[in-house]
Amino acid sequence: MAEVVMRIWRGDSEGGEFQDFPTQVSEGEVVLDVVHRIQAEDAPDLACRWNCKAGKCGSCSAEINGLPHLMCMTRMDTLPTEEPVVIAPMKTFPIIRDLVTDVSFNYEMARRLPPFAPKEPGPDGTYRMQQIDVERGQEFRKCIECFMCQDICHVIRDHEENKEHYAGPRLFIRYMELESHPLDTNDRRELLREEMGLGYCNITKCCTEVCPEHIKITDNAIIPLKERVVDASYDPVAWLGRKILRRTKKTATEAANYRTDPKTVKASQ
Amino acid sequence: MAEYEQIDFDVVVIGAGGAGLRAAIEAKQRGLRAAIVCKSLLGKAHTVMAEGGAAAAMGNVWSEDNWKVHFRDTIRGGKMLGNWRMAQLHAQESPDRIHELEAWGALFDRTNDGRIHQRDFGGHRYARLAHVGDRTGLELIRTLQQRAVALDIDVFMETKILRLLKNPSGEVSGAVGYHRPTGKMMVFTAKSFVLATGGIGRSWKYSTNSWESTGDGHALALWAGADLIDMECLQFHPTGMVWPLSVRGLLVTEGVRGDGGILRNSEGQRFMFNYIPEVFAAETADNEAEADRWYEDHINNRRPPELLPRDEVARSINAEVKAGRGGPHGGVYLDIASRRSSEFIQRQLPSMYHQFKELAGVDITKEAMEVGPTCHYIMGGIRVEPDTAASTVPGLFAAGEVAGGLHGANRLGGNSLSDLLVFGRRAGMGASDYAESRTSVTTVDSTEIERIIDEARAPLAREGGENPYDLQRDLQETMQNLVGIIRTGSELTQALSEIDALKERVPNVSVNGGIAYNPGWNLATDLPSMLSVCTMVTMGAIERKESRGGHTRDDFPKADPALGKINFVQRINGSGECVVTPEPLPEMPDELKALLEEGAH
Ligand SMILES: Cc1cc2nc3c(=O)[nH]c(=O)nc-3n(C[C@H](O)[C@H](O)[C@H](O)COP(=O)(O)OP(=O)(O)OC[C@H]3O[C@@H](n4cnc5c(N)ncnc54)[C@H](O)[C@@H]3O)c2cc1C
Ligand code: SF4
Ligand code: SF4
Ligand code: FES
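Quantities reported herein were computed from a predicted structural model and do not represent experimental measurements. (Residues numbered from 1 in each chain as written. Chains lettered and ligands numbered in written order. Predicted model: local features only at pLDDT ≥ 70, side-chain atom pairs only at ≥ 80, totals over all residues. Heavy atoms only, no water.)

1. A short note on the environment of Val247(B)
Following the sequence through the fold, Val247(B) ends up in the loop between strand 13 (234-241) and helix 6 (255-258). Distance from Val247(B) to Tyr206(B), taken between C-alpha atoms, is 8.9 Å for residues 41 residues apart in sequence. Those residues within four positions of Val247(B) in sequence are excluded, and the remaining contacts are Lys53(A), Met241(B) and Leu359(B). (Helix = DSSP H or I, 4+ residues; strand = E, 2+ residues; numbered from the N terminus. Contact = heavy atoms within 4.5 Å.)

2. Brief notes about the sheet that holds strand 11 (residues 192-195) of chain B
Residues and elements named next belong to chain B. If you trace the five strands from one edge of the open sheet to the other, you get 7-3-2-11-18, paired in parallel fashion. Single-partner strands in this sheet number two, and they are strand 7 (154-156) and strand 18 (396-398). Within this sheet the neighbouring strands show an average axis-to-axis angle of 20°, counted without direction. Contacts between helix 1 (residues 18-29) and the sheet are confined to strand 2 (11-14), strand 3 (34-37) and strand 11, with strand 3 contributing the most and set at about 165° to the helix. (Pairing = 2+ DSSP bridges. Axes fitted to C-alpha atoms, helices over the stretch in contact; angles between N-to-C directions.)

3. Quick word on the site of ligand 1
Residue and element names in this part refer to chain B. Taken together, the neighbourhood of ligand 1 is formed by 38 residues, with Thr47, Glu212, Asp216, Glu401 and Leu417 sitting nearest. Between Ala19 and ligand 1, the recorded distance is 3.0 Å, taken from a backbone N or O atom to an oxygen atom. Taking Arg411, its side chain carries an N or O atom lying 3.4 Å from a nitrogen atom of ligand 1. When isolated, ligand 1 has an accessible area of 1000 Å², and the protein chains bury 98% of it. For the shell around ligand 1, the secondary-structure elements that each account for two or more residues are helix 1, strand 8 (159-166), strand 16 (369-378) and helix 12 (415-437). The biggest single contributor to the shell around ligand 1 is helix 12, with four residues. Classifying every residue of the shell around ligand 1 by side-chain character gives 14 nonpolar, 17 polar and seven charged. (Near = heavy atom within 4 Å. Polar contact = N/O pair within 3.5 Å; in protein donor to acceptor, adjacent residues only side chain to side chain. Areas by Shrake-Rupley, 256 points an atom, 1.4 Å probe, with all protein chains shown as cover. Nonpolar A, V, L, I, M, F, W, Y, C, P; charged D, E, K, R; others polar.)

4. A few points about the domain arrangement of chain B
Interface size is commonly expressed as the accessible surface area that is lost when the partners come together. Residues and elements named next belong to chain B. We note that the domain assignment places domain 1 (238-373) and domain 2 (457-558) within chain B. Each of domain 1 and domain 2 has a C-alpha centre, and the two are 31 Å apart. Facing five residues of domain 1, the contacting portion of domain 2 comprises five residues. Overall, the association of domain 1 and domain 2 removes approximately 390 Å² of surface from exposure, summing both partners, and the carbon and sulfur fraction of that is 63%. It is Asp311, Arg315 and Asn318 that lose the most area in domain 1 upon contact with domain 2, and together they represent 80% of the buried surface on that side. Inspection of the domain 1/domain 2 interface yields zero salt bridges. Per element, the largest residue contribution to the side of domain 1 that touches domain 2 is four residues, and it comes from helix 9 (residues 310-322). In terms of residue class, the side of domain 1 that touches domain 2 is made up of two nonpolar, one polar and two charged. (Domains from an automatic or database assignment. Buried area = accessible area lost by both parts, 1.4 Å probe. Salt bridge = Lys/Arg side-chain N within 4 Å of Asp/Glu carboxyl O.)

5. Considerations on the nonpolar core
Inside soluble globular proteins, nonpolar side chains tend to come together where they are buried. In this structure, Met6(A), Met71(A) and Ile87(A) are the most contacted members of the largest nonpolar core, which totals 226 residues. The element contributing the most residues to this core is helix 16 (residues 519-543) of chain B, with ten residues. Counting 14 residues, the second-largest nonpolar core is a separate cluster that includes Tyr178(B), Val187(B), Ile453(B) and Ala456(B). (Core = buried A, V, L, I, M, F, W, Y, C linked by side-chain atoms within 4.5 Å. Buried < 20%, exposed > 50% of the residue type's maximum accessible area, 1.4 Å probe, protein only.)

6. Looking at the side chain of Asp184(A)
Tracing the sequence through the fold places Asp184(A) in the loop between helix 6 (169-179) and helix 7 (189-194). Among the polar contacts listed, one links the side chain of Asp184(A) to the side chain of Arg188(A), at a separation of 2.8 Å.

7. Concerning the site of ligand 2
Residue and element names in this part refer to chain A. Contacts to ligand 2 come from 13 residues, most closely from Cys153, Cys201, Thr204, Lys205 and Cys207. Elements with a minimum of two residues in the shell around ligand 2: helix 8 (206-210) and helix 9 (217-234). A class-by-class count of the residues in the shell around ligand 2 yields eight nonpolar, four polar and one charged.

8. Let's talk about the pairing of strand 13 of chain B
All names here are of chain B. Counted residue by residue, strand 13 has eight buried out of eight residues, so it is predominantly covered. Sheet analysis places strand 13 next to strand 16, joined by six bridges and oriented antiparallel. What sits directly across from His237, in strand 16, is Thr374.

9. A closer look at the interface of chain A and chain B
Listed as interface residues are 61 residues of chain A and, on the opposing side, 64 residues of chain B. Both sides together, the interface formed by chain A and chain B hides about 5200 Å², and carbon and sulfur atoms give 52% of it. Our count for the contact surface shared by chain A and chain B stands at five salt bridges. A salt bridge links Asp152(B) to Arg111(A), with the nearest nitrogen and oxygen atoms 2.6 Å apart. Connecting chain A to chain B are 37 residue pairs in polar contact (both at pLDDT 80 or more). Going through the elements one at a time, helix 1 (31-41), strand 6 (95-97), helix 2 (104-111), helix 3 (131-141), helix 6 and helix 12 (262-267) of chain A are the ones with two or more residues in the side of chain A that touches chain B. Top contributing element to the side of chain A that touches chain B by residue count: helix 3 of chain A, with five residues. Considering only residue class, the side of chain A that touches chain B consists of 29 nonpolar, 14 polar and 18 charged.

Spelled out as structure tokens, the structure:
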């Protein structure tokens, strides 16, 4: 049992301050265990999110000693105990209360994404795909939507105004996932460059470093996307080549309209 | 006067796990105004945690597989207590529901010829679980979530429903709740409602379930006058983590055993060979050599006893530990390290690998895991009509873990995810049909709404009362100790009186802080459903004087064939009392009975 001071941010959109909770830590405990004990014993109204307590749902993201972490996967014995353990809400998103932030920005960006539009299935009504072809997409589908990559990305962390036209690393991997999906027919590259702010990313790789799923966000998604987008806009020959090869891909405008047109959504059932 | 916002839809789905999302998608595709209400953010429901896979007899790995074998496995695994029609629909429709997910963007693991790969799981005769490594639930929920977003379904996140409302003619017409971030009260009116609220495991001390699994949907239905069935049938998963204490109960997927892992006691003995029950003797290997050959050749060998249905394995582990053959933390050993290569384990079971590495400091490619039973899944639930998912109250439908019937007395692994898809869709169809043909008004009574709001807010106004967390802890102790994996009559009666005593404490609960995002207050509003549901589980357990599936009575250790034909129906009667009534199980048609015979396929 070690004695630790937990310094937890308390407050709401109006403001707040850190509050110290001295506590005993038992063997094997994670930060979320300690936060839960504080809730149960000292501060029942201490707000935090959690669901799975196993690193699978991405609910419990917070900044521990200044860096984003999942509280449920951060063992207390990995943190220095001489100093207070500082727990703050994610900085990039507006605060609701205590450790809970308003992450609706991410849901809004996901809404603006032109959806998956599959090609026709095979004669037996099902699809054939090789393991090697689904693996690229599977890497990105490991994302648990903890939004810690969005939190650390300086493009929106330090510039609120960029949120209007910047999808952020979480969504970049989603674009790349669809881009590499063996069945998808939508072309989102123009949209990505013009409205989703891919150009703002200057490949600092901070997002990759914080990803709890170890997704290589920059190397496997952002950099290849940048290349493809450049292809699409500056190299008409290559672009035309792709168009012919992947004739079924749609243009950005078609892609954007796709979601709201019930006819096309129906068609993909 | 309490203030609230009122919104109207055609169909309102309560719950955003696999079942709720699938139901809402169905209603929206039909062109109805559909909404989803859920307690957490979208994509975080319990379904996200499912690991091993979704069972569907696609026959991709073993062409011998088909819906009839799946039907048989489900009914036999459920110890004959399952609803035959649900088991039939489930077995027949699961393959289409899995393929449909692919058309919505899911990327399942593949076979060599490019089809969806299927893995072995307990109680399934053939490798039948479509999966993505060991994160199948994430794939399922994300695919449905993205589909729901593409269809522009209205989602009310972090909103908890407290009560259902009926119109004067007794049809469910509204739901009262609150938005957790702001505390704002909300009233939803609609022509039909779907309950898809998941499980009840939060009331046990060691559980795989999240804070959301407080049995709200079971309670909402019960309070609205609906029937529940067989709530005593609760599944304890055989393999939960036991150490460190802070993660005790966390799930270790059955996929570990499906992929070759075996169970040993502290003496190194592969003890499951000593616990093969008569009914499964014909299909279970009785020696290690045959069991090991089975992984390569399912046709000429019988399956390893580690892959018996969950109730058998959980009871056996319990017995080994009781007999003093457990490990240092009260579990037994689950060993895949000595059986499969490190690469294989990391590829097939990546999240188990990380879970043990990061939380317990154990490398499962090198050492055995210590595991023990943990409260996992409720087989019992809202009584539904199989084809439409209609409850016994007009306008109210239910699907997923909250609905009863399909799994009988014991659920097979992988059958839940497919259940969510098959009956989520059917609930969406049933609710849409109902909404389209409904002509009566959806008027709700404002004085009733105000009474519900006042009651919910009362703990905030009270001072110096009891901490809701203390009540929750005491309930968890009671249920863990007295209504756990092995039960006896005297302990169950004691549990009932302890639950009653806890109910008396509820009106004295007080919480400090405001109404916005206040977990203490949120918990205070969960307590009534937890207590109602625990009462029903305990009463059912008292009535079922036999051992069957997930329900084991020390004082009635055998299955009673007469009770195997009985559903215990649980409801609140006209004078407000909880009652349990035995009712005969629907009779299975002869042609389906024939499928249950050994060698029928
Ligand atoms: C760790 C783990 C692993 C598992 N692995 C597998 C597996 O491999 N295969 C398998 O088949 N099954 C598995 N299961 C079981 C399966 O995951 C669950 O039974 C299933 O996901 C339940 O889905 P659901 O849609 O019924 O409800 P859930 O996913 O539990 O969702 C319930 C929803 O209802 C909402 N809700 C609840 N109460 C209210 C309220 N009062 N107001 C508003 N909303 C409310 C919640 O917010 C949530 O959105 C596993 C379970 C666990 C815990
Ligand atoms: S690499 Fe790009 S997306 Fe990632 S944090 Fe840096 S700027 Fe943001
Ligand atoms: S990409 Fe990684 S860091 Fe970003 S939201 Fe997904 S899991 Fe979290
Ligand atoms: S609680 Fe689910 S990731 Fe931490």
